[in-house]
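Breakdown of the fold
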Amino acid sequence: MPAQVCVARIGAAHGVRGAVKLWTFTEDPFAVKAYGPLSTKDGARQFEVTSAREAKDHLVATFKGVTTREDAERLNGIELYVSREKLPTTEEDEYYHADLIGLAAETTAGVTLGRVLAIHNFGAGDIIEIAPPSGATMLLQFSNAVVPTVDIPGGRVVIELPEEIEGDEPGRSDE
């Protein structure tokens, strides 16, 4: 099965005619209409967006065959995927999260840190999560300073570890 990329998540029902709140993970929120049918991660179900309009921080969308509020309520929480090949090519220094997950992570000195587990964004910029062979995962800012090299063909990312991962903040005084 080709690599799948999550492009949206269905939220709560909106209204009584089968519309749902739709959170998209694409640069252009309306791009989800252009990809053709969207599917669940396992490919068992497909959804075709028939209409979409902008709301405050999401889209309000309808899907082919979903015509009642009850039908829409059953879709809440479903993540929608497309095949990686359907997505546009990225610019230099732009990456799809799906392309990064699973890459080996190593320091600039070549020491293995683990594997890229996920990329998160909690509102203050992207965070890369590294899973070491044992122990707790490591969360680091996903920036050019901390991740100077992304080598997708080579299957790795290079991490410039901050001098202090834990401890006092630089320039902070407890006096």
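Residues numbered from 1 in each chain as written. Predicted model: local features only at pLDDT ≥ 70, side-chain atom pairs only at ≥ 80, totals over all residues. Heavy atoms only, no water.

Let's talk about the sheet that holds strand 11 (residues 138-141)
Put simply, the rule is: By the convention used here, strands pair only if DSSP detects at least 2 bridges between them. Numbering of helices and strands runs from the N terminus; a helix is a DSSP stretch of H or I covering at least four residues, while a strand is a stretch of E covering at least two. A fitted line through C-alpha atoms represents every axis, and for helices the fit uses only the stretch in contact; the resulting angles, taken between N-to-C directions, go from 0 to 180 degrees.
Spatially, the six strands line up as an open sheet ordered 11-10-9-8-13-12, and their pairing is mixed. What marks the edges here is a single partner per strand, and that holds for strand 11 and strand 12 (149-151). When the angles between neighbouring strand axes are averaged without regard to direction, this sheet yields 35 degrees. Bridging between strand 12 and strand 13 (residues 156-159) involves three bridges; their strand directions are antiparallel. For V150, the partnering residue across the bridge sits in strand 13 and is V157.

Side note on the pattern of salt bridges
To keep things clear, this is the line we draw: Criterion for a salt bridge: a side-chain nitrogen of Lys or Arg within 4 Å of a carboxyl oxygen of Asp or Glu. Buried, partly exposed and exposed residues are distinguished by accessible area as a fraction of the type maximum, computed with a 1.4 Å probe on protein chains only: under 20%, between the cut-offs, and over 50%, respectively.
Counted under the stated rule, the structure contains five salt bridges. Where R156 meets E106, a salt bridge forms, and the shortest distance between an N and an O atom there is 2.8 Å. Of this pair, R156 sits in strand 13 while E106 sits in strand 8 (residues 104-107), and the two are 50 residues apart along the sequence. Residues D151 and R156 are paired through a salt bridge, measuring 3.5 Å at the closest nitrogen-oxygen approach. Judged by relative accessible area, which is 27%, R156 ranks as partly exposed. Residues joined by salt bridges that share partners form a network here, namely E106, D151 and R156.

Concerning the packing of aromatic side chains
Each pair of aromatic rings is reported with the distance of its centres and the angle of its planes. Note the following rule: Pairing of aromatic rings covers Phe, Tyr and Trp, the last counted by its six-membered ring, and requires centre-to-centre distances within 6.5 Å; plane angles under 30 degrees mean stacked, over 60 mean edge-to-face, and any other angle means tilted.
Evaluation of the coordinates by the stated rule reveals two aromatic pairs. With a centroid separation of 6.4 Å and 65 degrees between ring planes, the pair formed by Y95 and F142 is classed as edge-to-face. Within this pair, whereas Y95 is found in the loop between strand 7 (79-83) and helix 2 (97-100), its partner F142 is found in the loop between strand 11 and strand 12, the two being separated by 47 residues in sequence. Look at Y95 and you get partly exposed, because its relative accessible area is 26%.

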